[in-house]
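Next come the chains, spelled out residue by residue.
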Amino acid sequence: MKSLYGGIEGGGTKFVCAVGTGPQDLRAETRFPTTTPEETMGRAIEFFRQFEGLSALGFASFGPLDPRPDSPTYGHILPTPKPGWSNADVVGPLRAALGLPVVFDTDVNGAALAEARWGAAQNCDPVLYLTIGTGIGGGALVNGKLLHGLLHPEMGHIPLPRNPQIDPFPGICPFHGDCFEGLAAGPALEKRWGQKAETLPPNHTAWDLEAHYIALALRSYICTLSPQKIVIGGGVASQAQMLPLIRRKTQELLNGYVQAPAILDQIDDYIVLPGLGQRAGVLGAIALASPVS
Ligand code: ADP
Ligand code: ZN
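A quick note: this is a predicted structure, and the numbers were derived from the prediction, not measured.

**Student:** It is not clear to me how the site of ligand 1 should be interpreted in this structure. Could you clarify?
**Tutor:** Taken together, 13 residues sit near ligand 1, with G133, T134, E198, G235 and Q239 positioned nearest. Here an oxygen atom of ligand 1 and a side-chain polar atom of E198 are 2.5 Å apart. One of the backbone N or O atoms of G235 is found 2.8 Å from an oxygen atom in ligand 1. Coverage of ligand 1 by the protein amounts to 67% of the 560 Å² it exposes when considered alone. Counted by class, the shell around ligand 1 contains four nonpolar, eight polar and one charged residues.

Spelled out as structure tokens, the structure:
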């Protein structure tokens, strides 16, 4: 009998829990708002208690988090501006209540794995998955493994050149001001332009500047990681005009230096939206739990 897995996509605003084996077989799903760690993890536990015979749980979470199994703070959320969640042990209660192995990683590492296994990045390695929403984060699959290290990559917090004459907005990252996330995540757009990102018309100059910052970041990731596919998720990237702009600006910024067909001639297939759409997150969690079949 095929093993069944549980997946938790832990987001800053909502949690999604599901049971299944992959995109063709998602059997049950529930979603609820992210409140306190106790209440939120309690609701996840309640959901998974209904299912017998789960082999493992994958938990793809917002960060920063500690994914190192040999660390005393493994399975904890690390200090975060999100009220109540700093240093919360989120894996411990799941293990204790359900008695299952839990694979814990960032939401974006999970999504990178799911896109590589089932989505837009099949047969590619390295794979970069970037989300541009409430925050900006990146996950990567490299040589068949998800990239970890000290903790996990923090691709949203790289510095980007900002010309104050063109963009006087100082950024909103509480740690760095005008890092990538501070300049280009959804809340930064809202603060800079005085309206929610989704209400800015498609021809607003906001999008050109946004694509410029995203392309600057992609240039850095392409030069350091040499990904074979870049998948961009999150609400901001879902604006229809964004991907074509990002592709063109990335080509311009690289200026012919990286002589790969993916960039020179096939950029439409190189920088793409998630093949798994809105389900990349929860399928990422299921992918974390399930070995390659
Ligand atoms: P989260 O990052 O919380 O999982 P999203 O990826 O939807 O969720 O990101 C939410 C952020 O993205 C908000 O700042 C919101 O204003 C912005 N956003 C959501 N949808 C859109 C859209 N269609 N166009 C532009 N911005 C959007
Ligand atoms: Zn920052």
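**Student:** Any chance you could explain the coordination of the zinc ion (ligand 2) here in plain terms?
**Tutor:** Tetrahedral coordination by four donors sets the ideal angle at the metal to 109.5 degrees; octahedral coordination by six donors sets it to 90 or 180 degrees. Within the protein, the atoms that donate to the zinc ion (ligand 2) are H157 (ND1), C173 (SG), H176 (ND1) and C179 (SG), at distances of 2.1 to 2.4 Å. Sequence positions of the donors to the zinc ion (ligand 2) reduce to the motif H-x15-C-x2-H-x2-C. Remark: C173 occurs in the loop between β8 (145-146) and α4 (180-184) and H157 occurs in the loop between β8 and α4; sequence separation between them is 16 residues. Exposure remark for H157: the relative accessible area of 24% places this residue in the partly exposed category. Looking at C173, the relative accessible area reads 7%, which means it is buried.

**Student:** What's the story with the packing of aromatic side chains in this structure? I'm lost.
**Tutor:** To describe a pair of aromatic rings, one takes the distance between the centres and the angle between the planes. In total, this model carries eight aromatic pairs according to the counting rule given. Taking the centre distance of 5.1 Å and the plane angle of 75 degrees together, the rings of F47 and F48 count as edge-to-face. Put simply, the rings of F15, F32, F59, F62, Y74, W85 and F104 pair up and form one aromatic cluster. One residue, R117, lies across the ring of W118, its end atom 5.6 Å from the ring centre.

**Student:** Would you mind showing me how to read the layout of surface pockets here?
**Tutor:** In this approach a probe as big as a water molecule rolls over the atoms, and the regions it shows empty are the leftover space. Approximately 380 Å³ is the volume attributed to the second largest pocket. Here the residues of the lining of the second largest pocket sort into 14 nonpolar, three polar and three charged. Two domains each donate at least three residues to the lining of the second largest pocket, and these are domain 1 (4-107 + 278-289) and domain 2 (120-273).

**Student:** I would appreciate a short explanation of the pattern of salt bridges in the present structure.
**Tutor:** A side chain of one charge can pair with a side chain of the opposite charge if their charged atoms are brought near each other. Applying the stated criterion across every chain yields a total of nine salt bridges. Salt-bridge contacts for K196 lead to E190; the nearest nitrogen and oxygen are separated by 3.2 Å. By relative accessible area, K196 is classed as partly exposed at 43%.

**Student:** Would you take a moment to explain the sheet that holds strand β1 (residues 4-10) for this structure?
**Tutor:** In a beta sheet, neighbouring strands are held together by backbone hydrogen bonds and run either parallel or antiparallel to one another. Overall, mixed pairing links the five strands, which are arranged β3-β2-β1-β4-β5 in an open sheet. Where the open sheet ends on each side, the last strands, each with one partner, are β3 (25-33) and β5 (102-106). Shown here is a sheet whose adjacent strand axes are inclined to one another by a mean of 15 degrees, direction ignored. For β1 and strand β2 (residues 14-22), the ladder comprises six bridges, and the chain directions are antiparallel.

Criteria and thresholds
Numbering of residues starts from 1 in each chain and follows the order in which that chain's sequence is written. Note on labels: chains are lettered from A, ligands numbered from 1, in written order. Only residues with pLDDT of at least 70 are given local features in this predicted model, and only at 80 or more are side-chain atom pairs given and counted; all residues enter the totals for whole chains, interfaces and linings. To get the side-chain values, take all heavy atoms of the structure and skip hydrogens and water. Working definition: residue near molecule or strand if any one of its non-hydrogen atoms lies within 4 Å of it. Counted as a polar contact is a pair of N or O atoms within 3.5 Å, where, for protein atoms, one must be capable of donating a hydrogen and the other of accepting one, and residues adjacent in sequence contribute only when both atoms are in side chains. Here the accessible surface of atoms and residues is derived via Shrake-Rupley with a 1.4 Å probe, and residues count as covered only by protein chains that are part of the display. Each residue gets one of three labels, nonpolar for Ala, Val, Leu, Ile, Met, Phe, Trp, Tyr, Cys and Pro, charged for Asp, Glu, Lys and Arg, and polar for the others, Gly among them. Water is not among the atoms examined, so metal sites may look incomplete; donors are the N, O and S atoms within 2.8 Å of the metal, or within 3.2 Å for Na, K and Ca. For helices the rule is a DSSP run of H or I covering at least 4 residues; for strands it is a run of E covering at least 2, with both sets numbered from the N terminus onward. Per-residue accessibility, obtained with a 1.4 Å probe over protein chains only, is compared with the maximum for each type, and a residue is labelled buried under 20%, exposed over 50%, and partly exposed between these values. Only Phe, Tyr and Trp rings take part, Trp by its six-membered ring, and two of them pair if their centres are within 6.5 Å. Stacked means planes under 30 degrees apart, edge-to-face means over 60, and tilted covers everything else. Whether a charge sits over a ring depends on NZ of Lys or CZ of Arg being within 6 Å of the ring centre and within 35 degrees of the ring normal. Cavity and pocket criteria rest on a 1 Å grid covering protein atoms alone: a 1.4 Å probe that fits but cannot get out defines a cavity, protein on both sides within 12 Å along at least 5 of 7 lines defines an open pocket, and an atom within 4 Å of a point defines a lining residue. Grid points are joined across faces, edges and corners, and a volume is the space filled by probe spheres set on the points. Where a domain begins and ends is set by an automatic assignment or by a domain database. By definition here, a salt bridge exists when the distance from a side-chain nitrogen of Lys or Arg to a carboxyl oxygen of Asp or Glu is within 4 Å. Think of it this way: DSSP has to see at least two bridges between two strands before they count as a pair. All axes here are fitted lines through C-alpha atoms, helices being fitted over the stretch that makes contact, and every angle between N-to-C directions spans 0 to 180 degrees.

As far as function goes, none of this settles anything; it's purely spatial.
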